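Below are the chains, spelled out letter by letter.
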Amino acid sequence: MDIFGIKTLQNGIGLFSTKMTVSQLAQVGQVDFADPANGKLGYQRKPDEKRFFELAKFLTTKDAKTKGNAILPPAIIASYRGALEYKEGKHGFCEITVPEGEKLWIIDGQHRFGGLMVAAGFYSSKSTGKKVEAFKAHHAKFQSFEIPVIIIESRDVDVEAYQFSVINSEAKKVDKYLATGGVLKGGGPIPTSQNAWEARAFVACERLRLDPASPLRGKIKHPNEKGRFWCTAKGMMNALKFPLNSGAYAAEWDNGHSERVCRMLIDYWNAWEKVAPF
């Protein structure tokens, strides 16, 4: 298989930045996961089929605001065990050859990979036959869907497993508070179902953090602030899950009375300040 990309050298290790269609990735992509029940000695966690179908649904459902399907910008990071053959071209581009029968081992993005396989009709298992059929109308489109791929040249599986470990243990996840705020401010799809409380809790926490009438103003730490605070915004947001996920307050909020709920929370903390001013 021939693909095009750009080669980068980092501390003597070759990396290729490229793009592949889901059809191409289906031919060479594989996940080296551990499965003690079958004696399989991989280094990754076993794939979660439920997440495959959640991603496939996300990709194939049109967004109400954009009137289009979702995109998947993050690159899948894969490993080639050995040195890839390539021909250099103009402006740093090169033609890369993945030999027939060889694999690109998915280091980061196995559930994205699985979700794309479902959407394109390349995935099946004994327990998911009917579920895959539900995406049949999207198969042709997603077979030609393009995804960014970073290929690392690994001299052996140990180097590959080490890269997997570094990516998954050292990388810091985006703070939930920042992520939720980004969705709301960027006009993204509002969390629904069991996650609907997140948007409510973010708005309520912002009121508690910034409203002059709130006794917690200046006491709740925004993720990008430094100094001494009583609690973090993420902690307060999580603390608000129970009330804002309950039927009564959720219904009040969704019926257009979010200001009333926020006012109630401010009054609640003002009452505590009177009882326990320390």
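The shown structure was predicted, so the numbers you read here are calculated from the model rather than taken from an experiment. (Residues numbered from 1 in each chain as written. Predicted model: local features only at pLDDT ≥ 70, side-chain atom pairs only at ≥ 80, totals over all residues. Heavy atoms only, no water.)

Explain the packing of aromatic side chains to me, and be specific about the residues and the numbers.
Counting across every chain of the model gives 7 aromatic pairs. Aromatic side chains Phe52 and Tyr123 sit 5.2 Å apart centroid to centroid with 90° between the ring planes, which places their arrangement in the edge-to-face category. In this pair, Phe52 is assigned in helix α2 (residues 49–60) and Tyr123 in the loop between α3 (110–120) and α4 (129–133), connecting sequence segments 71 residues apart. Accessibility expressed as a relative area gives 19% for Tyr123, which makes it buried. (Phe/Tyr/Trp six-rings, centres within 6.5 Å; stacked < 30°, edge-to-face > 60°. Helix = DSSP H or I, 4+ residues; strand = E, 2+ residues; numbered from the N terminus. Buried < 20%, exposed > 50% of the residue type's maximum accessible area, 1.4 Å probe, protein only.)

Could you give an account of the sheet that holds strand β5 (residues 85–88), naming the residues involved and the relevant values?
Overall, mixed pairing links the 8 strands, which are arranged β3-β7-β4-β8-β2-β1-β6-β5 in an open sheet. Looking along the sheet, the strands with just one partner apiece sit at the ends: β3 (29–30) and β5. Set on the sheet, α3 makes contact with β3, β4 (76–81), β7 (104–108) and β8 (146–154); between it and β7 the angle comes to about 120°. (Pairing = 2+ DSSP bridges. Contact = heavy atoms within 4.5 Å. Axes fitted to C-alpha atoms, helices over the stretch in contact; angles between N-to-C directions.)

So, unusual backbone geometry: which residues are in play, and what are the values?
Positive phi values are uncommon outside glycine, yet Asn11 reaches one of about 50°. Secondary-structure assignment places Asn11 in the loop between β1 (2–10) and β2 (13–21).

Residue-level account of the nonpolar core, with values.
Formed by 37 residues in total, the largest nonpolar core has its most connected members in Leu104, Leu116 and Ile151. Breaking this core down by element, the ones donating at least two residues are β2, α1 (22–28), α2, β4, β6 (93–97), β7, α3 and β8. In terms of residue count, the dominant contributor to this core is α3 (6 residues). (Core = buried A, V, L, I, M, F, W, Y, C linked by side-chain atoms within 4.5 Å.)

Pulling in residues and values, what's your account of the pairing of β6?
Only one face of β6 is covered, namely the face carrying Cys94 and Ile96; the face carrying Phe93, Glu95 and Thr97 is uncovered. Where β1 meets β6, 5 bridges bridge the pair, whose relative direction is antiparallel. When the bridges of β6 are listed, Ile6 appears paired with Phe93. Relative to β6, β5 is paired through 4 bridges, and the arrangement is antiparallel. By the bridge assignment for β6, Glu85 is matched with Thr97. The loop that links β5 with its antiparallel partner β6 comprises 4 residues; one of these, His91, has a positive phi angle of about 60°.

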